[in-house]
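Chain by chain, the residues:
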Amino acid sequence: MSTPVIADPVANPAAEPAVVTGAPTAAQRVTSFMPVIALVALLAALTIADPDFLTQRSLTAAVRTSAPLVVLAAGATLVVLCGGIDLSIAALCSLSTVFFAMWLPDLGGLTILAVVAAAGAIGAVQGIAHVVLRIPSFVVTLGGMSIFSAIALVISDAGPIRVIDRDATAWLNLYVAGYVPMSFFVAVLVVAVVSLVIKLTPLESFVRATGYSESAARLAGTPVDAVKVAAFTVSGACAGLAAVMLASRNFSGSPTMADNLLLPAVAAIVVGGTAITGGHGSLWRSLTGALVVTLLRVGLPIVGVPSAWEQILYGAIIVAAVALTLDRSKVLIIK
Amino acid sequence: MTSPAKADPDVVVPPRPRPRRGVSLLDAGPPIALVVIFAVFAALSSDFRTVGNLQNIMDAAAVLAVVACGITFVLMMGSIDLSVPGVMGASAIAVALLVANNRNGNDWGLLGILVAILLGAGLGLLSGMALVSLRVPSFMTTLGVSAVGLGVATLMFAGVQPNIDDEMLHGWAVHRFLGLAYLTWIAVGCVLVGWLIQRYSRLGRYAYAIGGAEEVLALSGVKVAPYKVAVFTLAGAFYGLAGVMVTSQLSAGLVQAGKGYDFAAITAAVVGGTLLTGGRGGVLHSAVGVLLVTVLTNGLVQVGVSPYWQGGVQGLIVVAAVSAAVLPQRRRNQVTK
């Protein structure tokens, strides 16, 4: 998709100056708190609909369900921050659950590392294809999605593979401090570590520069290609970790297990307020977004809405959230 | 090639414009590839080179051809459409509930089919409106509309599969004319209609122009937005018809009627020479692409490759075809999103 970057500010007088650090307008401030507001509002609404919802048990169950989604969305957020999109995360996650179930008997406790490494490597291949062949990221990852699904179907013979040895992932089903599910703790840990690494290194400005204006970043000497490949690698590795969580919860690996997580993951990213045009956003935002999406998913049946509406809601949310967070000053023509 | 020695020294012979050679390769490549692939499979498998299998290929290509007709117009504008599974699912269930079926007393016949196509057009309209009024990129709007379509389909499905009893609709997949199923002739008709729209209507010409240089078109005083919406609506109508065709083939309405058709259609269009950047290709190109994809799918199964690889092969083809297409502008095009 070609999204021409404005070279000359005169061409679009309505565009805001490219300075990022300017004082945000009131609308921007509200928009930036939108995910938290949405989260609190949802919690309140669900508690009113069903007072039993705000109990420790149901909240624990809700955050436990959200863990794979949080990890998936967090990884893909990096790619979005660089201005691209990763549509392959769900298919890669499904493929990784198959890897996990197949490798577990041979590798034992090392399987988790092996799966994360393999998924990261596959992500890196996509990133390299994107920067070397100069194909738009959504084409690469759309192709990747199709290829990973095919590989998963072929190696698993199109059926679920049971995980017999449950000791390797038993720790994921523990609780930290008695309340917080370990999988959710790990998910938050991933978000925190990746955010911290980005914050404490020049990576933050690299990623933002790449997302805000790739050509300017290139001229300024930012290693744009390396940053992008790294983003895709992290995205792939996160898909692998999410797969471990899914497989440990379902005690099996299946070639289509995570396929329905693509839309919620994209929704989590855009609901969190990360701009699809790149540059603006953070992993913490996607964590909030993932919680909002999970609450919607858990909450709809509570208020008595048929689950078919879930899909319609996702569609509407994605379009609405993107419309709110899109940086229009950067894109002259919307394709 | 004109030899420079013979040319009149006073007349400056303008060099042949270079892009044209690229375009002609783009135009001639896919049909040549089709012939080559066909010959290879015919040589490899004796089952492949039978008249019956040729009919199979044509019949298997029918639905994909209709989807590809629609998506070609969107791709010509430089946009993308991921809404195929949702739109096809919704129209497949809708038509199954409107013609004679086991769920309710409806027997609308042709009118039901028309309503299903209009539902598809309506969902396409939704994508187009979100694109031009909210200014959300098309891959996001259509991803959203796909989810909406699947949700609508699931609501109508309501847990009980609608099986159709309508003789006419079921007959489309069964009855043959000149050796090909009626559905295949419908697809041929769609390709023809699509080509006429592309070639002779303002909509088709502007779709090209939007893909080539939208700014220029807008600066020339053309209101681009209505044409964009119209293109998405037209594409939605094609997907709607494709959903009806799948219902005819299965004799039942399924929510997953359109699963995988989005990617297959994009593959077909790209392989046929319709560039994702817009402004190139067309319905006839995509039709060749559809035959290429179908022959490849059929041939690989005939020579003993697992059908599960089908999607993987399509994925590789898309990446390869797109990278081949952007290769000439590789140096110029530094920014890829």
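Values in this document were obtained by computation on a predicted structure and should not be read as measured data. Counting starts from 1 at the beginning of each chain's written sequence and moves along it residue by residue. Starting at A for chains and at 1 for ligands, labels are handed out in the order in which the entities are written. Whole-chain, interface and lining totals are the exception, using all residues; otherwise, since this is a predicted model, local features are given only for residues with pLDDT of at least 70 and side-chain atom pairs are given and counted only at 80 or more.

Enquirer: Could you give an account of the overall build of chain A, naming the residues involved and the relevant values?
Expert: Every helix listed is a DSSP run of H or I at least four residues long, and every strand listed is a run of E at least two residues long, numbered separately from the N terminus. Of regular secondary structure, chain A possesses twelve helices and four strands. Sorting the 335 residues of chain A into buried and exposed places 53% on the buried side. Put simply, of all contacts in chain A between residues at least 6 apart along the chain, 79% involve residues at least 24 apart. We call a residue exposed when 12 or fewer other C-beta atoms sit within 10 Å of its C-beta, buried when the count reaches 20 or more, and partly exposed for counts in between; the C-beta positions come from the backbone. A pair of residues counts as a contact when their C-beta atoms, built from backbone coordinates, are separated by no more than 7 Å.

Enquirer: If you had to explain the packing of helix H2 (residues 51–76) of chain B against helix H9 (residues 224–250) of chain B to someone new, which residues and values would you point to?
Expert: All names here are of chain B. Their axes nearest at 8 Å, the elements H2 and H9 cross at an angle of 170°. With respect to H9, the axis of H2 lies roughly antiparallel. Residues Ala62, Val63, Val66, Val67, Cys69, Gly70, Ile71, Phe73 and Val74 of H2 form the contact with H9, whose participating residues are Val231, Phe232, Leu234, Ala235, Phe238, Tyr239, Leu241, Ala242, Met245 and Val246. Angular values range over 0 to 180 degrees, each being the angle between N-to-C directions of two axes fitted as lines to C-alpha atoms, with helices fitted over their stretch in contact. Angle categories are assigned with fixed cut-offs, so that under 35 degrees is roughly parallel, over 145 is roughly antiparallel, 65 to 115 is roughly perpendicular, and the rest are oblique.

Enquirer: Describe the packing of helix H3 (residues 84–98) of chain B against helix H5 (residues 138–157) of chain B, naming the residues involved and giving the relevant values.
Expert: All names here are of chain B. Remark: H3 packs on H5, axes separated minimally by 6 Å, with the N-to-C direction vectors making an angle of 25°. As far as their axial angle goes, H5 and H3 are roughly parallel. Considering only the axes of H3 and H5, their crossing is left-handed. Counted together, Pro85, Gly86, Val87, Gly89, Ala90, Ile93, Ala94 and Leu97 of H3 and Val145, Ser146, Ala147, Val148, Gly149, Leu150, Val152, Ala153, Met156 and Phe157 of H5 form the full contact between these two elements. The residue inventory of the contact of H3 with H5, partitioned by class, reads 14 nonpolar, four polar and no charged. Helix crossings get a hand from a simple test, with the near helix turned counterclockwise from the far one by less than a right angle marking a left-handed crossing and a clockwise turn marking a right-handed one. Polar here means any residue other than Ala, Val, Leu, Ile, Met, Phe, Trp, Tyr, Cys and Pro, which are nonpolar, and Asp, Glu, Lys and Arg, which are charged; Gly is therefore polar.

Enquirer: Requested: an account of the interface of chain A and chain B, with residues and values cited.
Expert: Between chain A and chain B, the contact holds 50 residues from the first and 48 residues from the second. Elements represented by at least two residues in the side of chain A that touches chain B include exactly helix H4 (111–133), helix H5 (137–156), helix H8 (214–219), helix H10 (262–272) and helix H12 (308–325) of chain A. The element contributing the most residues to the side of chain A that touches chain B is H5(A), with 14 residues. Of the residues contributing to the side of chain A that touches chain B, the split by class is 32 nonpolar, 13 polar and five charged.

Enquirer: Tell me about the confidence of the model for chain A, residues and numbers included.
Expert: pLDDT is a per-residue confidence score from the predictor, ranging from 0 to 100. Here chain A shows a mean pLDDT of 85. Residues at 70 or above account for 89%. Segment residues 1–20 of chain A is flagged for pLDDT under 50; beyond a separation of four residues in sequence, or across chains, it makes 29 contacts in the model.

Enquirer: Tell me about the environment of Ala116(B), residues and numbers included.
Expert: Residue and element names in this part refer to chain B. By secondary structure assignment, the location of Ala116 is in helix H4 (residues 110–133). Classification of Ala116 as buried rests on a count of 27 C-beta atoms within 10 Å. Sequence separation between Ala116 and Val244 is 128 residues, and the spatial gap between their C-alpha atoms is 7.2 Å. Once residues lying within four places of it in the same chain are set aside, the contact partners of Ala116 are Ser91, Ala94, Val95, Leu98, Gly240, Gly243 and Val244.

Enquirer: So what's going on with the UniProt feature "transmembrane region" (unreviewed entry) in chain A? Residues and values would help.
Expert: All names here are of chain A. UniProt positions are given in the numbering used here, feature names are shortened, and annotations may be inferred rather than shown by experiment. Mapped onto this numbering, the UniProt entry gives "transmembrane region" (unreviewed entry) at residues 30–49, 69–95, 107–129, 135–155, 176–198, 229–248, 260–278 and 298–326. Across residues 69–95 one finds 74% helix and 0% strand; the C-alpha atoms that close the span lie 16 Å apart. With 100% helix and 0% strand, residues 229–248 has its two end C-alpha atoms placed 29 Å apart.

Enquirer: Describe the environment of Trp195(B), naming the residues involved and giving the relevant values.
Expert: Residues and elements named next belong to chain B. Relative to the elements of secondary structure, Trp195 occurs in helix H7 (residues 182–200). Judged by C-beta crowding, with 18 C-beta atoms within 10 Å, Trp195 ranks as partly exposed. In this structure Trp195 touches Val283 and Leu284, once residues within four positions along its chain are discounted.

Enquirer: Residues and numbers for unusual backbone geometry, please.
Expert: All names here are of chain A. If you check the backbone angles, Arg134 has positive phi at about 55° while not being a glycine. Tracing the backbone through its elements, the reader meets Arg134 in the loop between H4 and H5. One non-glycine residue, Asp157, lies in positive phi territory at about 60°. Structurally, Asp157 can be placed in the loop between H5 and strand S1 (161–162).

Enquirer: Residues and numbers for the environment of Gly236(A), please.
Expert: All names here are of chain A. When you line up the elements, Gly236 lands in helix H9 (residues 224–250). Taking the C-beta count within 10 Å as the criterion, Gly236 has 32 such neighbours and is therefore assigned buried. Residues Gly236 and Leu72, spaced 164 residues apart in sequence, show a C-alpha to C-alpha distance of 8.7 Å. Those residues in contact with Gly236 that lie beyond four places of it in its chain are Leu92, Ala119, Gly120, Ile122, Gly123 and Ala124.

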